[in-house]
Amino acid sequence: HEDRDDVDVEVVFLHRAEPDLEFEGLLKRQHTRVKYFQGSLMNAMDLERAKVHEADACLVLANKYCPDPDAEDAANIMRVISMKNYCEESRIIIQLMQYHNKAYLLNIPSWDWKQGDDVICLAELKLGFIAQSCLAPGFSTMMANLFAMRSFITSPDMAAWQNDYLQGTGCEMYTETLSPSFSGMTFSQASELCFVKLKLLLLAIEVKPIDGGDTKISINPQSSKMPANTVGFFIAQSAEEVKRAWFYCKACHEDVKDENLIKKCKCKHLMTFRKGVRAIQLVGKTMANKTGATPATPFSAALSKPLLNIKNSVMAKEENGSKPVMNGRLVPIGPNGLVDETYGGYHISYEVKKLMPTNKPADQQKNGKMEVGIADDQAKDFDFAKTEMKYDSTGMFHWTPARSIEDCILDRNQAAMTVLNGHVVVCLFADPDSPLIGLRNLVMPLRASNFHYHELKHVVIVGAVDYLRREWKTLQNLPKISVLNGSPLSRADLRAVNVNLCDMCVILSAKVPSNDDPTLADKEAILASLNIKAMTFGDIITNIESMGDSKDALNNMGDTTVKRPGPIYGTNVPMITELVNDSNVQFLDQDDDDDPDTELYLTQPFACGTAFAVSVLDSLMSTTYFNQNALTLIRSLITGGATPELEIILAEGAGLRGGYSTPDTLSHRDRCRVGQISLSDGPLATFGEGRKYQDLFVASLRNYGMLCIGLYRLRDAALTTVDATSKRYVITNPPFDFGLLPTDQVYVLLPFERKQSRFSFSETEV
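This write-up is about the structure you can find in this document. As the structure is a computational prediction, the values presented were derived from the model and not from experiment.

### A closer look at the overall build of the protein chain
Here is step 1: Of regular secondary structure, the protein chain possesses 27 helices and 26 strands.
Here is step 2: A separation of at least 24 residues holds for 73% of the contacts in the protein chain among residues at least 6 apart in sequence.
Here is step 3: Accessible surface for the protein chain amounts to roughly 35,900 Å². Of this, 55% is attributable to carbon and sulfur atoms.

### Section: the nonpolar core
Here is step 1: In terms of nonpolar packing, the biggest core is built from 144 residues, with Phe139, Phe182, Leu508 and Leu617 touching the most fellow members.
Here is step 2: Tallying contributions element by element places helix 5 (residues 122-135) first for this core, with 9 residues.
Here is step 3: For Leu617, the residues in contact, after removing those within four places along its chain, are Gln95, Leu122, Leu125, Lys126, Phe129, Phe147 and Phe612.
Here is step 4: Listed in part, the 23 residues of the second largest apolar core include Ala415, Cys427, Val462 and Val499.

### Re the packing of helix 23 (residues 619-626) against helix 24 (residues 628-638)
Here is step 1: Between helix 23 and helix 24, the shortest axis-to-axis distance is 4 Å and the interhelical angle comes to 125°. Regarding the angle of helix 23 to helix 24, the classification is oblique. Listed contacts from helix 24 to Leu620, Thr623, Thr624 and Phe626 of helix 23 are Gln628, Ala630, Leu631 and Ile634.
Here is step 2: Classifying every residue of the contact of helix 23 with helix 24 by side-chain character gives 5 nonpolar, 3 polar and no charged.

### Brief notes about unusual backbone geometry
Here is step 1: Residue Lys199 is not a glycine yet carries a positive backbone phi of 55°.
Here is step 2: Turning to its location among the elements, Lys199 is positioned in the loop between helix 8 (187-196) and strand 7 (201-207).

### Here's the deal with the sheet that holds strand 9 (residues 231-236)
Here is step 1: With respect to topology, 4 strands assemble into an open sheet ordered 6-9-7-8, the strand pairing being antiparallel. Because the sheet does not close on itself, it has two edges, and the strands there are strand 6 (172-177) and strand 8 (216-219). The sheet shows a mean angle of 30° between the axes of neighbouring strands, direction not considered.
Here is step 2: Where strand 7 and strand 8 come together, 4 bridges link them in antiparallel fashion. Directly across from Ala204, in strand 8, lies its bridge partner Ile219.
Here is step 3: Across the face of the sheet, helix 9 (residues 239-247) comes into contact with strand 6 and strand 9 while running at roughly 30° to strand 6.

### With respect to the pattern of salt bridges
Here is step 1: Taken as a whole, this structure holds 19 salt bridges when the rule is applied.
Here is step 2: For Asp618, the salt bridge goes to Lys64, with nearest N and O atoms at 3.0 Å. Here Asp618, found in the loop between strand 21 (611-613) and helix 23, pairs with Lys64, found in the loop between strand 3 (58-60) and helix 3 (69-86); they are 554 residues apart in sequence, far enough to count as distant.
Here is step 3: The partner of Asp431 in a salt bridge is Lys511, with the nearest N and O atoms 3.7 Å apart. Here Lys511 lies in the loop between strand 19 (504-509) and helix 20 (523-533) and Asp431 lies in the loop between strand 16 (424-429) and helix 17 (440-443), a separation of 80 residues in the sequence.
Here is step 4: A relative accessible area of 32% means that Asp431 is categorised as partly exposed.
Here is step 5: By relative accessible area, which is 29% here, Lys511 ends up partly exposed.

### Remarks on the pairing of strand 26 (residues 745-750)
Here is step 1: Of all 6 residues in strand 26, 6 are buried; the element is thus mostly enclosed.
Here is step 2: Residues Gln745, Tyr747 and Leu749 line one face of strand 26 and the alternating positions Val746, Val748 and Leu750 line the opposite face, and both faces are buried.
Here is step 3: For strand 23 (residues 673-678) and strand 26, the ladder comprises 6 bridges, and the chain directions are antiparallel. Looking at the pairing, Ser678 lines up with Gln745 of strand 26.
Here is step 4: When strand 24 (residues 707-714) meets strand 26, the two strands line up antiparallel, connected through 5 bridges. Pairing of Cys708 across the sheet is with Val748, part of strand 26.

### What about the environment of Lys216?
Here is step 1: The topology assignment puts Lys216 in strand 8.
Here is step 2: Given a relative accessible area of 56%, Lys216 falls into the exposed group.
Here is step 3: For the pair Lys216 and Thr632, spaced 416 residues apart in sequence, the C-alpha to C-alpha distance is 9.2 Å.
Here is step 4: Contacts of Lys216, omitting those with residues within four sequence positions, involve Ile205, Glu206 and Val207.

### Overview of the environment of Thr175
Here is step 1: With respect to the secondary-structure elements, Thr175 resides in strand 6.
Here is step 2: By relative accessible area, Thr175 is classed as partly exposed at 28%.
Here is step 3: Counting along the chain gives 70 residues from Thr175 to Ala245, while the straight-line C-alpha distance between them is 10.0 Å.
Here is step 4: Separated by 3.4 Å, the side chains of Thr175 and Asn627 make a polar contact.

### Some details on the packing of aromatic side chains
Here is step 1: Inspection of the entire model under this criterion finds 13 aromatic pairs.
Here is step 2: Centre to centre, the rings of Phe13 and Tyr36 are 6.4 Å apart; their planes meet at 25°, and the pair counts as stacked. In this pair, Phe13 is assigned in strand 1 (residues 11-15) and Tyr36 in strand 2 (residues 34-38), connecting sequence segments 23 residues apart.
Here is step 3: Look at Phe13 and you get partly exposed, because its relative accessible area is 27%.
Here is step 4: On the basis of relative accessibility, which here comes to 21%, the residue Tyr36 falls in the partly exposed class.
Here is step 5: Taken together, Phe13, Phe23 and Tyr36 form an aromatic cluster joined through their ring pairs.
Here is step 6: Here the basic side chain of Lys480 rests over the ring of Tyr453, its NZ or CZ set 4.6 Å away from the ring centre.

### Here we look at a nonpolar patch on the surface
Here is step 1: A cluster of nonpolar side chains, contributed by Met42, Met78 and Ile81, occupies part of the molecular surface with about 260 Å² of accessible area.
Here is step 2: Its place among the elements puts Met78 in helix 3.

How each quantity is defined
Residues numbered from 1 in each chain as written. Predicted model: local features only at pLDDT ≥ 70, side-chain atom pairs only at ≥ 80, totals over all residues. Heavy atoms only, no water. Helix = DSSP H or I, 4+ residues; strand = E, 2+ residues; numbered from the N terminus. Contact = heavy atoms within 4.5 Å. Areas by Shrake-Rupley, 256 points an atom, 1.4 Å probe, with all protein chains shown as cover. Core = buried A, V, L, I, M, F, W, Y, C linked by side-chain atoms within 4.5 Å. Buried < 20%, exposed > 50% of the residue type's maximum accessible area, 1.4 Å probe, protein only. Axes fitted to C-alpha atoms, helices over the stretch in contact; angles between N-to-C directions. Parallel < 35°, antiparallel > 145°, perpendicular 65-115°, else oblique. Nonpolar A, V, L, I, M, F, W, Y, C, P; charged D, E, K, R; others polar. Pairing = 2+ DSSP bridges. Salt bridge = Lys/Arg side-chain N within 4 Å of Asp/Glu carboxyl O. Polar contact = N/O pair within 3.5 Å; in protein donor to acceptor, adjacent residues only side chain to side chain. Phe/Tyr/Trp six-rings, centres within 6.5 Å; stacked < 30°, edge-to-face > 60°. Lys NZ or Arg CZ within 6 Å of the ring centre and 35° of its normal. Patch = residues over 30% accessible without salt bridge, like charges linked within 9 Å, V, L, I, M, F, W, Y side chains within 5 Å.

What follows is the structure, encoded as structure tokens:
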């Protein structure tokens, strides 16, 4: 694609079958750059023919319409083993259907994500996208458009909303090293400069830990200043635009008004800096390629390291004069003179601690202070109230002791008596023996620890309990989940869970598509979606006043204290439907004028964020090939904070483990999250009165540390009252001079609030 920097990539396909006619047409059109070999990845001779050992990367694609996803994954993992066996240095990017199969890749000795090997797990990302849409409707569409390479062509014949939407679909994610003019700035200063001066949206930066560990990607970080040659993650229309961040020089470009004039300048220190960084990048790459070592540190950093080390060791000597040392390590001492949390100076895991002798809590009580985590969790008189485990062992997710599914099952009457409001309804179609879709991937992002407990949305799953029993092992430690044993097509069940008061209704199917007609794969999801749209709901508030204390399930649909009256028609219920087959999107919206041949991303349900198809994740393969960090960024934004450490814990198969809160794990809560803020009221309401997008961007960043990334706008701009029927569409990163409307909603990356501030942005008003 011409937006990329290097477009001369040759592609070789290797497959057992012959190409079909449509694919053959593509091969003929692109014959200079695309070759097709018939053969098997399991055969070393075929790998030799395709010159796998010389390839820049090998991409293994999954068949998303296969009847048995586990068998498909197992076959593809075998292909990876075969390729790694043939040439262990080759970089492999694989698509997997199921999340639990990711663990088997970690068992391949030469699998190394530091060398660029990567896995795109369709279930994890698909359900993660849908989960983020529960928090900010339409977000799935915005992210999907960011990693698909498209060039937009607007035309006067199109509706205004389509032109706005298309301009956003032309944006992609790029990385670039920031010029030295940015060093010492905070992230928000840099982001403001990039947006206002360079017309680029800076989303995140790469942070190198001081101890020389693996680099981390920090999205909208709040405090720290940026070191020299930080790598930034941008949203922009092309790779060419992003170079401005590399060329920007405070001395030469301070007064330049036209961002297109920001080109390479003649400054001396900049030139030497650039040569240095490029050299280091090249050296780093070759070293990493040869030895798997980390790239070389910049010159200045390398010089200052020894000084720092001397300084630290002197300080350590002063501080540690009277402290005991064991195995050459310092031993931390608790306030009661007991060795704290370590054994022989080594940190021990929670499992090992359980096996160690406990020290008597009576000793601790004398000090009036409870020591946590020294294997006291089995002592009889341990004070559990003070040391409740609220988060998992990584500190990234809310956690609760395992509950049996029976404790979470509601029948229709119990559900109707429970005042459900602002919750997430998951309509799940599944047979008792359907392949598991991994509902954990949908619920975990909604349980991220950067939410306060009271902000977590209750998740109500409507579906067959027999199927959910098999999924339950992965859900039992996540709080606020209920199950209604019923059918998503039953209106009585949907009324019982107050579908009209939910924040989002998600429609999923775990059923296997039949081989005879793949277009029927989405029949249940489409029927459920049309069924909800056809429902009508009484006016809840007046019903409650008039009915006194009647317990009728149809009327008793809410509390008089509801924060907003629910919609009266089903078309107003916020919904997102997962489709297997792109072409079925035409049946979701009866009033749209989409042509059946319209590409998915141009259709109205997709532009509005009410449909999501797994096929949009295909373009993530090429994005990952060109830019490995983009996948890491998307994954951390979408999954709510899955880390390599967490993957290893989940690979054990025992589910999430609880952990005691330590300052270290609690610090993991301090990360930003996706939100949506209304311009009709609240602190940003003044911007809805015809102000420009740039004013909103700068004010949100300066006053609240929020990074605006797009708008969710009513399709019919003439509507002044915000009625939920009115369909909205997604505008990714609008131009700086884009006019705002009071009915707009803004997608933001919110920093973690330790305390609830005066303006709580956590509640999304509809």
